[in-house]
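Chain by chain, the residues run as shown.
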Amino acid sequence: VVVAFEEVCPDRIDLIHKNYRKLCNLLVDVEEWGQVVIISMLTRYARTQFTSPWKEDAVFDENNEKTFYDSDSEEKKGPTEAKPYMMDPDHRLLLRNTKPLLQSRNTAVVMSVAQLYWHLAPKHEVSVVTKSLVRLLRSHEVQYIVLQNIATMSIQRKGMFEPYMKSFYVRSTDPTHIKTLKQLEILTNLANEANISTILREFQTYVKSQDKAFAAATIQAIGRCATNISEVTDTCLNGLVLLLSNRDTVVAESVVVIKKLLQTQPTQHSEIIKHMAKLFDNITVPMARASILWLMGEYCDRVPKIAPDVLRKMAKIFTTEEDIVKLQTVNLAAKLYLTNSKQTKLLTQYILNLGKYDQNYDIRDRTRFIRQLIVPSEKSGALNKYARRILLAPKPAPVLESAFKRDRFQLGTLSHSLNVKASGYQELSDWPAVAPDPSVRNVEVIEPVKEWAPSLGKAKQPKSDAKFYSDDEEKEEEGSERSSSEDDSSSSSDSGSEEESSEESEKTSSGSGGSSSGSEKSSSDSESEQRQKKKTKKRTRKPAASDDQASSSATESSSESESDSGS
């Protein structure tokens, strides 16, 4: 039913109001895949009906669970001016009823609860999902999705997964490096001033790996750590410079990362730029060579003697280089022409002539643009005046953002995994400024209607006592009660006849003494006691009363009457 609702009319939130509490209470009893779709629907519903528990200007009332039971609770009066956040009881009901599902054996259920807490729970309560998510990493089939969600969560809240940091250490690399990259990303996100030394020691082991792609990814992770934590920037730079003496892949990636780090504080690292220029001839990776050329041109005033020599070497092999290297060579020539035209004027003209007839149209267009920009002529006009401001303008340092920062998609969805809006994706709405009326979720309790007997015109009174015996046993009990009532009536008539006979005997036997009267009293007392015992036995409940017992009781009563008359 919920799946049909999500497909047909997912925007009809009003249809969920009356069923909200019922669905929350039924979550534990629903089968696993039903739990997934219900949690997804209730997540969207909660974002439209409750206020945000993430307010920074309000003090969160941690004892707000009492409001679910105590409707007359007193308002908390604190010394602070901020108003305590009071969570809606229905909001708390959803969080409380989904928390036990974190122990589910189904991975999808655990992921659904994790995304619900991520999008709905207060910040200090989200950490309850951490242990369950780490537990899911034992299953290799779902590691990709779990690691991807953990990587996104660790960007905003590093403290959640810091106690489980060792769970993300890379013990073996997968062929596609998808899981490995996510583990490196998580370790980078968890890095802070306290644990950066431990993480860097772990990264040093990864750099020595025979897997070139894994080693290159590790160097990028070191660069992100150096950017995020300024205290270790120098340490990371020195470590990356030492890697420049290793094999080509590690050197190339180190050069790219160093180039980005030097943009943050270039004045303090002129020696590093000189060291990289010396290694230029030994580096063969195009991206690394282009990075060194960019550093030479951007900070040519720091290395006034080395930059022209590098341009001279590039002029010799310009035609054999890759396109990305050619573009940076043209940029280097233009910047040196503006800052040191005495030494580089002829070299610049030579390189511009080579680029004018290159096979790549991008290089041809760039060469024509640079020539008109830096070389004064009648056609250039006033553009030549702004050449220095255009080419030598200060550039902001690059921001090394995580590739897993995907806040625009709901956690755990296909769109979040692909980082592209998939077909059928439903946006998660923002928290409302003012919560809607909570009374729409109240359900009226209908009292049962009494049945009226048409013949009597009175209500049938329900039986208060439950049936202890079966219907057959009740019929037998009714028969035994009837027989006992008949015995009582017969015994009463016998007693009446006995009294009459006793009176006649008293009249006739006038000469009888006290002994006879005493015997009559004793016999009458014993007879009355026997009758009472028999009545109590007959009134007690028995499984069945047979007709033989009734006939025997009748014969006994007749024999008693005969004995009475005889006496």
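Conventions and cut-offs
Residues numbered from 1 in each chain as written. Predicted model: local features only at pLDDT ≥ 70, side-chain atom pairs only at ≥ 80, totals over all residues. Heavy atoms only, no water. Helix = DSSP H or I, 4+ residues; strand = E, 2+ residues; numbered from the N terminus. Buried < 20%, exposed > 50% of the residue type's maximum accessible area, 1.4 Å probe, protein only. Contact = heavy atoms within 4.5 Å. Areas by Shrake-Rupley, 256 points an atom, 1.4 Å probe, with all protein chains shown as cover. Axes fitted to C-alpha atoms, helices over the stretch in contact; angles between N-to-C directions. Left-handed = near helix turned anticlockwise from the far one by under 90°. Nonpolar A, V, L, I, M, F, W, Y, C, P; charged D, E, K, R; others polar. Salt bridge = Lys/Arg side-chain N within 4 Å of Asp/Glu carboxyl O. Polar contact = N/O pair within 3.5 Å; in protein donor to acceptor, adjacent residues only side chain to side chain. pLDDT = per-residue confidence, 0-100. Phe/Tyr/Trp six-rings, centres within 6.5 Å; stacked < 30°, edge-to-face > 60°.

### What about the overall build of the protein chain?
Then, number 1: When its secondary structure is counted, the protein chain shows 23 helices and zero strands.
Then, number 2: Sorting the 567 residues of the protein chain into buried and exposed places 40% on the buried side.
Then, number 3: Restricting to contacts in the protein chain with at least 6 residues of sequence separation, those with at least 24 account for 67%.
Then, number 4: Approximately 33800 Å² of the protein chain is accessible, and the part contributed by carbon and sulfur atoms is 51%.

### Considering the packing of helix H16 (residues 323-339) against helix H17 (residues 341-356)
Then, number 1: One way to put it is that H16 packs onto H17 with a least axis distance of 8 Å and a crossing angle of 150°. The two elements H16 and H17 meet at a crossing, and its hand is left-handed. The segment H16 lies against H17, with Thr329, Val330, Ala333, Leu336, Tyr337 and Thr339 engaging Ser341, Thr344, Lys345, Thr348, Ile351 and Leu352.
Then, number 2: A class-by-class count of the residues in the contact of H16 with H17 yields six nonpolar, five polar and one charged.

### With respect to the pattern of salt bridges
Then, number 1: As enumerated under the stated definition, the model contains 20 salt bridges in all.
Then, number 2: With its nearest N and O atoms 3.0 Å apart, the salt bridge here joins Arg105 to Glu32. Here Arg105, found in the loop between helix H4 (89-98) and helix H5 (107-120), pairs with Glu32, found in helix H3 (residues 32-49); they are 73 residues apart in sequence, far enough to count as distant.
Then, number 3: Exposure remark for Glu32: the relative accessible area of 24% places this residue in the partly exposed category.
Then, number 4: Note that Asp365 is salt-bridged to Arg368, the shortest N-O span being 3.8 Å. Within this pair, Asp365 and its partner Arg368 are both found in helix H18 (residues 361-374), separated by three residues, close to a single helical turn.
Then, number 5: Among the ionic contacts, a cluster of salt bridges with common partners joins Arg21, Asp88, Asp90 and Arg441.

### Structural notes on the side chain of Lys326
Then, number 1: Summarising the element assignment, Lys326 is placed in helix H16.
Then, number 2: The exposure class of Lys326 is buried, given its relative accessible area of 7%.
Then, number 3: At a separation of 2.9 Å, a polar atom in the side chain of Lys326 contacts the side chain of Asp358.
Then, number 4: Ignoring any residue separated from it by four or fewer positions in sequence, one finds Lys326 in contact with Phe318, Thr319, Glu321, Asp358 and Ile363.

### Structural notes on the confidence of the model for the protein chain
Then, number 1: Across the protein chain, the average pLDDT comes to 78, with 71% of residues at 70 or higher.
Then, number 2: Taken as a whole, residues 61-80 scores under 50 in pLDDT and shows 18 contacts with residues more than four places along the chain or in a different chain.
Then, number 3: Every residue in residues 464-470 scores below 50 in pLDDT, and together they form four contacts with partners more than four places removed in sequence or on other chains.

### Details of the side chain of Glu6
Then, number 1: Checked against the element boundaries, Glu6 lands in helix H1 (residues 2-8).
Then, number 2: Among all residues touching Glu6, those that are not within four sequence positions of it are Ser40, Met41, Arg44 and Gln426.

### Describing the packing of aromatic side chains
Then, number 1: According to the stated counting rule, one finds eight aromatic pairs in the structure shown.
Then, number 2: Look at Phe161 and Phe168: their rings are 6.3 Å apart centre to centre, the planes differ by 75°, and that puts the pair in the edge-to-face class.
Then, number 3: Owing to a relative accessible area of 0%, Phe161 belongs among the buried residues under this scheme.
Then, number 4: Accessibility expressed as a relative area gives 0% for Phe168, which makes it buried.

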